[in-house]
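Next come the chains, spelled out residue by residue.
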Amino acid sequence: MAILSQSTASFSFSFSFVSTRTDSTRLTRFPSRVTFRARSPPRRHALVSSRLNSSRSPDAGGSLSPDNGSGDVAYQLHHDFSPRRRRRGSPVFVTLPVNSVGREGRVARPKAMMFSLKALATAGVEGVVIEIWWGLVEKNKPRVYDWRGYEELVAMACKCGLKVRVVLAFHQHGTGPDDPNWIPLPLWVLDEIQKDIELAYCDRFGRRNIEYISLGCDILPVLHGRSPIQAYADFMRNFRDTFGSLLGVIITGVQIGMGPGGELRYPSFSSQEPNLAWPHELGEFQCYDKYMLASLNASARNIGKREWGNGGPFGSGSLMQNPEHTDFFKNDGGSWDTPYGKFFLEWYSDMLLLHGERICREAETIFRGSEVHISAKLAAIHWHYVTQSHPSELTAGYYNTSNRDGYLPIARMFSKYGFSMCCSCFEMQDAVMQKINPDGSPEGFLRQLLLAARLCDISLEGQNFSTNLDDGAFTQVLKMSKFYSDGIEKRSFSFNFVRMDKRLFESRNWDRFTRFVRQMSNGNIFRARLNSVRDVRLKTTPVVAAVGLLYHLYQHS
C-alpha cells in the first residue's frame, strides 16, 4: 500500500536490544527500543534518546525480547563507542546492492541479506549504506510515497547492530529496461519529460539525457505545479517524518543526491558512470536545453555580449579527441583561457554551484535538529588532471584549471550548510593509472580535494572508484585517508566500501576486506557477539563457513 504524505500514522513496530556492560567503565550506548512510526513527526528525543544510556531491562513497557514471548530475539552487542575510539580510527561502511529493494518495493532475498548483514557486523564494519531511489518510493504519483521496503531493510541492519547511512537518490540508475538494475526516474516525472523534452539535459548535438532533471528548471513549476527543488524537498521531508525516530541514532548519515550518479555534476559523459574504459573522454557541455540557454543568454546580455549567449563553446572537439587538437581545450592558446572562455565557464560552474546551494539550503532546514550528518558527493574526474585546461572537469561543471581552484568554492558551500563531502578514487594510484592514461592523476586530484576539505574544516567520506580491490588498493586507501585525517587537528574521516556483492564473500577477498577494516580502525575493531535468530547462527568461530555459504548463495542467484 502506498503511503500518502498527508496521512496519519498507520502502523508501527518495535524491536529491542539488551544493554550490557563489557567492563567496569564501558556501557553499551544503543537504543533499548526503536519504534518505526509511519508519517509521524520526528520526535526522536521522545522516542529514542531518553533510552540511550539506560541499563534497565528493555522488557518493561512491552518492547520485544525473548522473555516476553515475542518472535524476535534480542542481541547482545559489545561495541565501544567511546570518543577515544572515534579519534583513533576511521569507521568503514559497506554500500548494499543497488537492487536490495526490488521494483515491487520489498527487500530482495531477505534471508541472504540477513546472512550478509550479520557477516558484515562480525567483520567489524560500522554500518551499511542504503540507496533510497526516488523512482521506487514516489514511483507512480506525485506526493505518494512507499517506504516499506526501506523500512524493512533498515530494521534488518539495526537488528544486526549496524548503523545506516542512506543516499537519497534523485537520479536514474542503469541503462534501460533490459538492465536488471535499471531504476528510472518516477514514472510521473518521465511523463512530464515526454510532454516537455526541454526538462532533459541536451548537448550541442541535440542528444538528450534523462538521468537527472536539468538544473536549468530548478525553480520552475514544471512537475505538476511543483519545481524540481520542491519535489526533492518534499521527498526529504517525508523521509524525515517516516524515519524521524531513528535519525542520529540508527540512521547516522543522509547523503543528498544532487545530479547524475548522485554527484553534484552535469551528465557530460557518454556513459552514466565514469569508468576506466574511456580515459581520454572530454565530455560535452550540457547547456542546450531551452532553460539553460535562457540563463546563458541573460548572463551574456548583462555584460553586453549578446553573441556569447547562443550556446556552448566552439572548437571543443569531440568526446574522445585529444584536447591538444581542439581550439577550446588546448594548453597554449586555447580559448578556455580567454575572456569568452572565462565568462562561459564561470556561468556554467556557477549554475551548478547554485543548484547545489538550493538543495543544501532545503536539506539543512529539513534535517536541522535531527543530529544526523548530511553529506553530498562530488565526482572523481581525474583523467585530464595534468593538462592545463582539465577539459573533462570543465564539461562536468568543475571550473578547475591550472590557474583556478574549482573545488574550494564547493567545499565552502558545503561548510556553510554543515555538509560532509563524499568522493571516490581513494584506491587509485598514479603509477598504475598513468600507464593507461598519461594525462590522468587520481592522486593529484584527490590531494587537491582533500586540501579544500581541510581548509573548510568539513568531514570527509572516502569511497572506492573500482570494485576490484587488491592489497595494494586497500593500502592506498589507508594512505590517502591518513593524508586527510592526520595532523595536529584531527578531522573526521570515514570510508564507504562500494559495494557488497558475491565477490566480497569470496574467501581471499573477505580476508583482505576484514584486514582492511581492522587497519582503518587501528586495531580497535568492533566486538559484536551475535546470538542466534531462528535457524540463523553467526558466531565468531563459524564466520568463515558462513561467508563461504554467502558466496555460493550469490554465485547461484
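Looking at an unreviewed UniProt entry, the protein carries the name Beta-amylase, with the source organism given as Glycine soja. As stated in UniProt under Catalytic activity (unreviewed entry), the record for the protein gives "Hydrolysis of (1->4)-alpha-D-glucosidic linkages in polysaccharides so as to remove successive maltose units from the non-reducing ends of the chains." Under the heading Sequence similarities (unreviewed entry), UniProt records this for the protein: "Belongs to the glycosyl hydrolase 14 family."

S.K.: I tried to follow the pairing of strand β12 (residues 419-423) on my own but got confused; where do I start?
M.R.: Consecutive side chains along a regular strand alternate between the two faces of the sheet. Burial of β12 is extensive: five of the five residues sit out of reach of the surface. Of the two faces of β12, both are covered, the one formed by Phe419, Met421 and Cys423 as well as the one formed by Ser420 and Cys422. For strand β11 (residues 373-377) and β12, the ladder comprises four bridges, and the chain directions are parallel. Residue alanine 376 lies in a different strand from β12, and its bridge partner there is methionine 421. Where β12 meets strand β13 (residues 460-463), three bridges bridge the pair, whose relative direction is parallel. Counted as the bridge partner of methionine 421 is leucine 460 from β13.

S.K.: Looking at this model, I keep getting lost on the packing of helix α3 (residues 110-123) against helix α5 (residues 148-159). Mind explaining?
M.R.: Each packed pair of helices is defined by two parameters, the angle between the axes and the distance between the axes. Where α3 meets α5, the axes come as close as 9 Å, and the angle between the chain directions of the two elements is 35 degrees. Seen from above, α3 lies across α5 with right-handed handedness. Judged by residue contacts, Pro110, Met113, Met114 and Leu117 of α3 engage Leu153, Met156 and Ala157 from α5. Here the residues of the contact of α3 with α5 sort into seven nonpolar, no polar and no charged.

S.K.: How do you make sense of unusual backbone geometry when you look at a structure like this?
M.R.: Peptide bonds are mostly trans, and most non-glycine residues show a negative phi. Between valine 498 and the following residue, arginine 499, the backbone shows a cis peptide bond with an omega angle of -5 degrees. For arginine 143, which is not glycine, the phi torsion reads 65 degrees and is therefore positive. With respect to the secondary-structure elements, arginine 143 resides in the loop between α4 (134-137) and β6 (144-145). One non-glycine residue, histidine 224, lies in the positive phi region at around 55 degrees. On the secondary structure map, histidine 224 appears in the loop between β9 (208-213) and α7 (228-243). Here histidine 224 falls in the partly exposed class, since its relative accessible area comes to 48%.

S.K.: Would you take a moment to explain the environment of serine 521 for this structure?
M.R.: With respect to the helices and strands, serine 521 occurs in the loop between α15 (507-520) and α16 (543-555). Residues serine 521 and valine 125, 396 residues apart in the sequence, show an inter-C-alpha distance of 9.4 Å. Reaching out from serine 521, the side chain makes a polar contact with the backbone oxygen of arginine 518 at a distance of 3.1 Å.

S.K.: What's the story with α7 in this structure? I'm lost.
M.R.: One turn of the α-helix equals 3.6 residues, which is why residues spaced by three or four share an orientation. The end-to-end C-alpha distance of α7, which contains 16 residues, comes to 23 Å, matching closely the 22 Å that a straight helix rising 1.5 Å per residue would cover. The buried count for α7 comes to 14 of 16 residues, which makes it a mostly enclosed element.

S.K.: It is not clear to me how the side chain of histidine 171 should be interpreted in this structure. Could you clarify?
M.R.: With respect to the helices, strands and loops of the structure, histidine 171 is situated in the loop between β7 (163-169) and α6 (187-195). At a separation of 3.2 Å, a polar atom in the side chain of histidine 171 contacts the main-chain amide nitrogen of glycine 262. If sequence neighbours within four positions are ignored, histidine 171 has contacts with Trp133, Ile183, Leu185, Glu211, Tyr212, Gly259, Pro260, Gly261 and Gly262.

S.K.: What is the right way to read the environment of leucine 190 from this model?
M.R.: Along the chain, leucine 190 falls in helix α6. For leucine 190, a relative accessible area of 19% gives the class buried. When the C-alpha positions of leucine 190 and leucine 223 are compared, they lie 10.0 Å apart, and in sequence the two are 33 residues distant. Residues in contact with leucine 190, not counting those within four places in the same chain, are Pro184, Leu185 and Ile210.

Criteria and cut-off values
Every chain's residues receive numbers from 1 upward, in the order its sequence appears when written. pLDDT decides what is reported in this predicted model: residues at 70 or higher carry local features, side-chain atom pairs at 80 or more are listed and counted, and totals for whole chains, interfaces and linings draw on all residues regardless. Hydrogens and water molecules were not included; the side-chain quantities draw on all heavy atoms of the structure. UniProt positions are given in the numbering used here, feature names are shortened, and annotations may be inferred rather than shown by experiment. Under the scheme applied here, a residue whose accessible area is under 20% of the maximum for its type counts as buried, over 50% as exposed, and between as partly exposed, the area being computed with a 1.4 Å probe on protein chains only. Strands here mean DSSP runs of E at least two residues long; helices mean DSSP runs of H or I at least four residues long; both are numbered from the N terminus. In this scheme, strands are said to pair when DSSP sees at least two bridges between them. In this description, a line fitted to the C-alpha atoms serves as the axis of each element, helices being fitted only across the stretch in contact, and the angle between N-to-C directions of two axes falls anywhere from 0 to 180 degrees. Crossings are sorted by hand: turned counterclockwise from the far helix by less than a right angle, the near helix makes the crossing left-handed, and turned clockwise it makes it right-handed. The contact criterion used throughout is that any non-hydrogen atoms of two residues lie within 4.5 Å. Only Asp, Glu, Lys and Arg are considered charged in this grouping, and only Ala, Val, Leu, Ile, Met, Phe, Trp, Tyr, Cys and Pro are considered nonpolar; every other residue, Gly among them, is considered polar. Counting of polar contacts relies on pairs of N or O atoms within 3.5 Å, with two restrictions inside protein: one atom must be capable of donating a hydrogen and the other of accepting it, and residues adjacent in sequence are counted only when both atoms are side-chain atoms. Multiply 1.5 Å by the residue count of a helix minus one, and that product is the helix's expected span.

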